[in-house]
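So you can see what is in the structure, the chains are spelled out below.
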Amino acid sequence: GGYPFGFMAIIGIMGLIGVAINDSIVVLAALQEHHGRAATSDDAIVATISGCTRHVVATTLTTVAGFSPLIWDGGKFWPPLAVAIAGGVIGATLLALVLVPTLYRMLCCERSIATRGAVEVRESAEGPLFATSST
């Protein structure tokens, strides 16, 4: 603690952005590969995220472990960079594993559910299913 927010911290944040984007891409690629744009249950999304968690957490642990010597004994020059990257990667991991799947579910899956429901209503209004439909 007590390190200045200077040039090295800004460089660390720029490097952190790349790692955060990489984590999110890994999660999105897994979701797209397993589900595409089809409506997906929450359990299926959780199973997919559980499968790619190992990669994201491994990246986080190796990054934090790699920068910990600079945090503990890096003098006055390196700790701001190391704290920015190591601390930010932990937050980026949480974002990739919690926020990205939530937004994916909200933006991609809900749209296809709503579209499918509209098609069912339209089809049922034209045929005998209209009288027996419970929607």
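Whatever comes next refers back to the structure up there.
Residues numbered from 1 in each chain as written. Predicted model: local features only at pLDDT ≥ 70, side-chain atom pairs only at ≥ 80, totals over all residues. Heavy atoms only, no water.

J.: Sorry, what's going on with the overall build of the protein chain here?
T.: Scanning the protein chain for helices and strands turns up 4 helices and 0 strands. Secondary structure elements in the protein chain, listed N-terminal to C-terminal, are α-α-α-α. For the protein chain, with 135 residues in total, the buried portion stands at 30%. Taking as baseline every contact in the protein chain between residues at least 6 positions apart, the subset at least 24 positions apart corresponds to 74%. (Helix = DSSP H or I, 4+ residues; strand = E, 2+ residues; numbered from the N terminus. Buried < 20%, exposed > 50% of the residue type's maximum accessible area, 1.4 Å probe, protein only. Contact = heavy atoms within 4.5 Å.)

J.: Could you clarify how one ought to interpret helix H1 (residues 7-35) in this entry?
T.: Working note: α-helix, 3.6 residues per turn, so residues spaced by three or four point in the same direction. Along its 29 residues, H1 runs 42 Å from first to last C-alpha, staying within 8% of the 42 Å computed at 1.5 Å per residue. Within H1 the residues assigned to the buried category are Met-8, Ala-9, Gly-12, Leu-16, Asp-23, Ser-24, Val-27, Ala-30, Leu-31 and His-35. A positive backbone phi angle near 60° is found at Gly-36, which sits one or two residues after H1. (Expected span 1.5 Å × (residues − 1).)

J.: Would you mind showing me how to read the pattern of salt bridges here?
T.: When their charged atoms lie close together, side chains carrying opposite charge are able to pair. What the rule picks out here adds up to 1 salt bridge. Close ionic contact of Arg-105 with Asp-42 constitutes a salt bridge, the shortest N to O distance being 2.6 Å. In this pair, Arg-105 is assigned in helix H3 (residues 79-126) and Asp-42 in helix H2 (residues 42-73), connecting sequence segments 63 residues apart. (Salt bridge = Lys/Arg side-chain N within 4 Å of Asp/Glu carboxyl O.)

J.: Whenever I open this one, the nonpolar core confuses me. Can you help?
T.: Soluble globular proteins tend to pack their nonpolar side chains together in the buried interior. Formed by Val-27, Ala-30, Leu-31, Ile-45, Ile-49, Cys-52, Val-56, Ala-96, Val-100, Tyr-104, Cys-108 and Cys-109, the largest nonpolar core amounts to 12 residues. Elements with a contribution of two residues or more to this core: H1, H2 and H3. The leading source of residues in this core is H3, at 5 residues. (Core = buried A, V, L, I, M, F, W, Y, C linked by side-chain atoms within 4.5 Å.)

J.: Honestly, the packing of aromatic side chains in this entry has me stumped. Any pointers?
T.: We describe a pair of aromatic rings using the distance from one ring centre to the other and the angle between the two ring planes. Enumeration over the complete set of coordinates arrives at 1 aromatic pair. With 5.0 Å between their ring centres and 80° between their planes, Phe-77 and Trp-78 make a pair best called edge-to-face. (Phe/Tyr/Trp six-rings, centres within 6.5 Å; stacked < 30°, edge-to-face > 60°.)

J.: Mind showing me how you'd approach the side chain of Thr-48 here?
T.: Take Thr-48: it is sitting in helix H2. Accessibility expressed as a relative area gives 8% for Thr-48, which makes it buried. Residues within four places of Thr-48 in sequence aside, it is in contact with Ala-30, Leu-31, His-34 and His-35.

J.: Is there a simple way to think about the environment of Ala-9 in this case?
T.: Along the chain, the position of Ala-9 falls in helix H1. By relative accessible area, which is 4% here, Ala-9 ends up buried. Residues Ala-9 and Pro-79, spaced 70 residues apart in sequence, show a C-alpha to C-alpha distance of 8.4 Å. Ignoring sequence-local partners within four residues, the contact set of Ala-9 consists of Pro-4, Pro-80, Leu-81 and Ala-84.

That is the geometry; function is a separate question.
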